[in-house]
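# Per-entry structural report
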Amino acid sequence: MMRRPRASTAKAVKLQDGDMDTDLSFSQTMSSDEDSEEWRPPESKPKVPSKTAKAPAAKEKKVAVKRTAKPKEPKAPKQPKVPKVPKDPKPRAPRKPAAERKTQAAKVLKGTCAPELAGTKRKKIDEKKNDEAGEDKGDKLTDCPERERTEESGPSIRMKEERVSFIVSESHQADTWAGEGSSLAGLRTKKEEVEEEDFTFDEPCQKKQKTSGACLGQPTALPSSEAQSLRNDLNMNWDLIELLSILTCVERWVCVNIIALLREENTVPFMVRYRKDMINHMDADAVRDVQLVYEELCSLAKKTQSVIQTLKKDGVLTTELEQNLRSCRSADELDHVYSPYKKGSKLTKARRAKALGLEVAATTLINSPHTLDLRAWVKPGTEGLSSVEEVATGVEHILADMIAKDPETLTYVKTLCENSFVTIQSSVSKSALKEREQEKSVQGHKKPGAPQNKNKDIDKFHLYFDFTCNIQRIQPHQTLAINRGESLKILTVKVNIPDRVKNDFTRWCINNRWRPKTFAREELHAIIRNAVEDSFKRLILPFLTRSYRTKLTSAAEKESIAMFVRNLRQRLLLCPVRGCVIMGVDPGFRHGCKLAVLSPTGQILHTDVVHLHNSGQHKEADKLRHLMIKYSCTRVVIGNGTACRETESFFADLISRRYFNPLDVSYCITNEAGASIYSVSPEAVKEMPDLDPNLRSAVSIGRRVQDPLAELVKIDPKHIGIGTYQHDVSAGALKAALDGVVQECVSFVGVDINICSETLMRHVAGLNAGRARNIAEWREQKGPFINREQLKLVKGMGPKTYQQCAGFIRINPQTSAKSSPHPAPAVPEKATAKKGKGKTCVNIPTSFNPLDQTCIHPESYHVAERFLSLVGGSADQIGSGGLRQCVESKVRTSSVEELAKTVDTTPETLKLIIDDLTRPPGFDIRQNFRQADFKRGIVSMSDLRVGAVLTGRVDNTTLFGAFVDIGVGRAGLIHKSNITLDKLPVSQRRRSLALGPGERVEVRVLNVDPQRGRIGLDLIRVLQ
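Reading the values: the criteria
- For every chain, the first residue of its written sequence is number 1, and the numbers climb from 1 along that sequence.
- Owing to the predicted nature of the model, reporting of local features is limited to residues with pLDDT of at least 70; listing and counting of side-chain atom pairs is limited to 80 or more, with chain, interface and lining totals taken over all residues.
- Neither water nor hydrogens contribute to the side-chain values; these are computed over all heavy atoms in the structure.
- Put simply, DSSP H or I for four residues or longer makes a helix, DSSP E for two residues or longer makes a strand, and each gets a number counted from the N terminus.
- The cut-offs for exposure are 20% and 50% of the maximum accessible area for each residue type, with area from a 1.4 Å probe on protein chains only; residues under the lower value are buried, those over the upper are exposed, and the others partly exposed.
- It only takes one pair of heavy atoms within 4.5 Å for two residues to be counted as in contact.
- For two strands to pair, DSSP has to find at least two bridges joining them.
- The angle between two axes is taken between their N-to-C directions and runs from 0 to 180 degrees, where each axis is a line fitted to C-alpha atoms and a helix contributes only its stretch in contact.
- The span you would expect from a helix comes to 1.5 Å times its residue count less one.
- Each Phe, Tyr or Trp ring (for Trp, its six-membered ring) is paired with any other whose centre lies within 6.5 Å, and the angle between the two planes then decides the class: stacked below 30 degrees, edge-to-face above 60, tilted in between.
- Whether a charge sits over a ring comes down to the Lys NZ or Arg CZ being within 6 Å of the ring centre and within 35 degrees of the ring normal.
- By convention, orient the strands away from the viewer: a clockwise path from the first strand over the helix to the second makes the crossover right-handed.
- The salt bridge definition used is simple: a Lys or Arg side-chain nitrogen within 4 Å of an Asp or Glu carboxyl oxygen.
- Our angle categories are set so that under 35 degrees counts as roughly parallel, over 145 as roughly antiparallel, 65 to 115 as roughly perpendicular, and the remainder as oblique.
- Under the scheme applied, nonpolar residues are Ala, Val, Leu, Ile, Met, Phe, Trp, Tyr, Cys and Pro; charged residues are Asp, Glu, Lys and Arg; polar residues are all the others, including Gly.
- Note on terminology: pairs of cysteine sulfur atoms within 2.5 Å are recorded as disulfides.

A word on the overall build of the protein chain. If you tally the helices and strands in the protein chain, you get 37 helices and 16 strands. Sorting the 1024 residues of the protein chain into buried and exposed places 56% on the buried side. Considering only contacts in the protein chain between residues 6 or more positions apart, those separated by 24 or more positions represent 77%.

Printed below as a string of structure tokens:
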């Protein structure tokens, strides 16, 4: 066993103040075996590569001949080969060995190609290897493991395997749903108002023309004018496209297209469904990653510009400082360069020495030390220059500052750390120990209150009282737990960097990077040696500590948010329970159980309160039976809050005695998190103004099973009870991610514009609260929409909004044909009215278009009609067996690629059209997902035995495992060490934890702890 090297330590800086959750969720039950597991940064968002781009490489060369601007694209001087983020130091001969070592070390910390900005490394670029890399190879990144994983996709147009957090049958894979994100992009170009709004989609889309060479997944070089424009917008020393490609492990041409689409205000759902060719079939998670990194880079550029203006105003900006600022590639590096010049901070030792004029002496010491005489700088009576020793100290401080800010030096020390055993260590703080001692001293007194609660909080962190772990192996949930303990002043945290790093760094600086260029006397060598040691201890070590802590926290937050996103997506996409009357029950003791009987369409039929846990239970049971028989209710949904188990036991007893005969009644338990918050929200008051808030909770609980998506979008995703450590991650990033996944789920499921609620409508891609309100008002005044074209008549519905939302809005003939007191508006009247407001007169048809009930975008209607005529069908046959047979026979005789050329479209668009034409009417993608489990009996925790095999449903997934509801009132934990690849279906092995809420699993009981209410489970298999 290798002897662990001695380590020099540095105190960690407090990172953030997080709210303390009442419980640390099971994180304290994990064994120390986790420390031995290799930590890999989050693998939850792999990017879909452009492996298909290799095959048409020859064709791409032909295209390049026609475009004169294209060969100039590799003009960019930086073309990296590893996913590191190098600075741009001046080339120096001693740097090459370090660069080669860094190439090997690049794979250590960057195990994933996740978009992390903090603590990124820099690497020198060999410009000779950049020639024609953009055209023929699509600027392919070789260090991204995601690239190699998807080589299995063949030359056919079948969509590449995408990481999704739920499984869709292969025939419906065209609509990949994974991901999140709004389309707001940094440095967005100002939206130009068009004089005449053009709603027509008959012309080929302009966006596709920009990347016509990439329509089949082939790389397209960025025109030099556009590249220069992007660079000028940011005004930084690095190339935006290149850096974005490095940070996200996405090909340059894809980054170019995504940026172009974002700057044109396209939403992520629209890009993922209707611009697959431009984004190389990336899923929404991957597109969202690129968007977030792009926004971070734009924000960094904006902040850099602000810092430069501030320094210029203060009169301390130099050309060298400005170049250093513009070369920063992360907020952490920018802060490192800017911190000595911040207002309010005390004057640094280096700046005091520079103010005395010693900067010239420091420069001379490196460049021509044989001419330096320190005695010539002595000025008796001047503080800091009164003796040779003071002059030497001032020169040391200036040199230490130069060393700490030199990009090449920082790159080298980071490389040394990557090859060393750097650890993070936490221990209980002195203040926490003192509070614990005070608590023990007052044990005899009756003072339960705060000290006891605080002591209880301290005990929650006992796993981290003496915790040490390699920073490359620490788990995300451990990082977040340590951060929380530190913010509560219960833990102290430090990063241990081995002494070997200091020794190697000092030797390299003295003998290579900061070696005097000419002969130097021994006393001058001593000044350089002291400066290097002072720089490492006082400046570089704290910087490395901050950098590591920031990077670990960033990676942990991203994995935590990714877990939230996966859980929320699967919670929203639970299969609705349709066609039956449901009774929602909000259980309670003192105030009784609130009931709400709901019709199959969610209308409130009856509300009541019953006291099932007091005297007179027989009378309340009679009331229940009367209601169940009166409304033919066979499904009971019980919230999992207070008195849930007692209420479940009551219903199970009645069912076992066949009390509801002749009805066959069953019940299920659902998560009621957020129901009480929703019941007093403005939306609930507007929807159910005459109901008591407690009864509104019962309505919400019932509707969560009837249509989970339509009901849960009314609640803030943070209150739905998914994920962990939500108070320890960035609130803004979490909200953006969750809002994005809600928009994605609503859009991909689609909404019937004539019956959906205004709340649901505002989550459709391209719409917002105002536009949804306008649509609802138009619907109330004019009657139901007959076709999608009528959306153009709604106030605020411009061409861009219509383009983004049209494909996700359905017009079903059953709802559009309903009688309305208001006839459909005459087109000339509306057109004339709009014309006065600057709208053009558009011809809106008044007949129903069968294509409006599909997810085919109006811009592709002419393609769909050409394809229908090609196969000998018509739009009225959509979903019929006859049309399906015609389409399938045509696809068998001719490949999709050939058919796409015939109808003048891309294979991706044609595949989407084929899928929608052959789906049955009223198809809901959620019918492929799991439904709520209804049962008739009950078991308790005391009935469990070690080794028993049970089936259950995943209730929640965390960073350390999955909680499974096995029907005993307490969820059991499958630790992540028991979720192995051999126990998972092949289709689920791509995902990070592979399990999500709603999935049915078969488990074995490993241990039962009745006192603490904990159940340990082992995963046997996932039930399909």
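Once the structure has been displayed, the description carries forward.
Here we come to the sheet that holds strand β7 (residues 604-610). Reading across the sheet, the five strands line up as β7-β6-β5-β8-β9 and stay open at both edges, with mixed pairing between neighbours. Each of the sheet's edge strands pairs with one partner strand only, and the pair in question is β7 and β9 (666-670). Taking the axes of each pair of neighbouring strands and ignoring which way they run, one obtains an average angle of 20° across the sheet. In terms of strand pairing, strand β5 (residues 582-586) meets strand β6 (residues 593-598) through five bridges, oriented antiparallel. When the sheet's bridge partners are listed, D586 is paired in β6 with K594.

Another aspect to go through is the pairing of β7. Regular strands place side chains that alternate from one sheet face to the opposite one. Note that β6 and β7 share six bridges and pair antiparallel. Pairing of C593 across the sheet is with V610, part of β7. Hairpin connection between β6 and β7: a loop of five residues separates the two successive antiparallel strands, and G602 in this loop has a positive phi of roughly 90°.

Right, let's get into the sheet that holds strand β13 (residues 961-965). Ordered in space as β12-β13-β14-β16-β15, the five strands form a closed barrel in which the pairing is mixed. The sheet shows a mean angle of 50° between the axes of neighbouring strands, taken without regard to direction. Of the pairings in the sheet, the one linking strand β12 (residues 949-958) to β13 comprises five bridges and is antiparallel in character. Bridge assignment links T957 to a residue of β13, and that residue is A962.

With twelve residues, helix α19 (residues 476-487) should cover 16 Å at 1.5 Å per step; its first-to-last C-alpha distance of 17 Å lies within 8% of that length. Most of α19 sits out of view: twelve of its twelve residues are buried. Residues of α19 that are buried include every one of P476, H477, Q478, T479, L480, A481, I482, N483, R484, G485, E486 and S487, and no others. Contact partners of the buried residues in α19: β2 (423-428), β3 (466-470), β4 (491-498) and α21 (522-572). Within two residues after α19, K489 carries a phi angle of roughly 60°, on the positive side.

Using the criterion set out here, one finds ten aromatic pairs in the structure. On the basis of an interplanar angle of 15° and a centroid distance of 4.0 Å, the ring pair of Y412 and W508 is categorised as stacked. Of this pair, Y412 sits in helix α16 (residues 407-418) while W508 sits in helix α20 (residues 499-513); the two residues are 96 residues apart in sequence, bridging distant segments of the chain. A single burial state applies to Y412 and to W508, both of which are buried. Seen in terms of ring centroids, F650 and F651 are 6.3 Å apart; in terms of plane orientation they differ by 85°. Their pairing is edge-to-face. Owing to a relative accessible area of 1%, F651 belongs among the buried residues under this scheme. An aromatic cluster is present here, built from F270, Y274, F748 and F808 joined pairwise through their rings. Across from the ring centre of Y659, 4.4 Å away, lies the NZ or CZ of R625, which sits over that ring.

Let us look at the pairing of strand β8 (residues 635-639). The buried fraction of β8 amounts to four of the five residues, a majority that puts the element mostly inside the structure. Alignment of β8 against β9, held across five bridges, turns out to be parallel. Looking across to β9, one finds that I638 is bridged to I669. Taken together, β8, helix α23 (residues 644-656) and β9 constitute a β-α-β crossover, and its handedness is right-handed.

Take the environment of N503 next. You can see N503 is positioned in helix α20. According to the relative accessible area criterion, N503 is partly exposed, its value standing at 42%. Residues N503 and E533 lie 30 residues apart in sequence; the distance between their C-alpha atoms is 9.3 Å.

What follows deals with unusual backbone geometry. The omega torsion of the bond from N661 to P662 falls at 10°, within 30 degrees of zero and hence cis. Topologically, P662 is positioned in the loop between α23 and β9. A positive phi angle, near 65°, is found at E265, a position not held by glycine. Structurally, E265 is set in the loop between α8 (252-263) and α9 (268-274). With a phi angle near 60°, K489 is a residue other than glycine that sits in the positive phi range. The topology assignment puts K489 in the loop between α19 and β4.

To continue, consider the pattern of salt bridges. Close approach of charged atoms allows side chains with opposite charge to pair. If you walk through the whole model with that rule in mind, you get 40 salt bridges. Among the salt bridges present, the one from D406 reaches R513, with a minimum N-O distance of 3.0 Å. Within this pair, whereas D406 is found in the loop between α15 (388-405) and α16, its partner R513 is found in helix α20, the two being separated by 107 residues in sequence. Given the relative accessible area of 10%, D406 is considered buried. Looking at R513, the relative accessible area reads 12%, which means it is buried. Among the ionic pairs, K686 bridges to E758, the shortest N-O distance being 3.7 Å. Of the two residues, K686 sits in helix α25 (residues 682-687) while E758 sits in helix α29 (residues 758-761), which places them 72 residues apart along the sequence. For K686, a relative accessible area of 63% translates into the label exposed. We classify E758 as buried; its relative accessible area is 17%.

One can find I669 in strand β9. For the pair I669 and G639, spaced 30 residues apart in sequence, the C-alpha separation works out to 5.9 Å. Sequence-distant contacts of I669, defined by excluding residues within four places in its chain, comprise I638, N640, C644 and E648.

In a pair of packed helices, the angle between the axes and the distance between the axes together describe the arrangement. One way to put it is that helix α14 (residues 359-367) packs onto α15 with a least axis distance of 9 Å and a crossing angle of 70°. Between α14 and α15, the angle is such that the two are roughly perpendicular. Facing α14, whose interface residues are E359, A361, A362, L365 and I366, α15 presents V395, I398 and L399. The residue inventory of the contact of α14 with α15, partitioned by class, reads seven nonpolar, no polar and one charged.

This brings us to α8. In this model α8 runs 16 Å from its N-terminal to its C-terminal C-alpha over twelve residues, within 8% of the 16 Å that 1.5 Å per residue would give. A large share of α8 lies buried, amounting to twelve of its twelve residues.

The next point concerns the environment of L317. Structurally, the position occupied by L317 is in the loop between α10 (284-314) and α11 (319-326). C-alpha of L317 to C-alpha of V307: the two residues are ten residues apart in sequence and 9.8 Å apart in space. With sequence-adjacent residues up to four places away left out, L317 is seen in contact with I308, L311, K312, E322 and L325.

What follows is about the state of the cysteines. Inspection of every chain in the model, using the stated rule, returns zero disulfides. The thiol sulfur of C633 is not disulfide-bonded, and the nearest other cysteine sulfur, from C580, lies at 7.8 Å.

Note that all results are geometric; they support no functional claim without further evidence.
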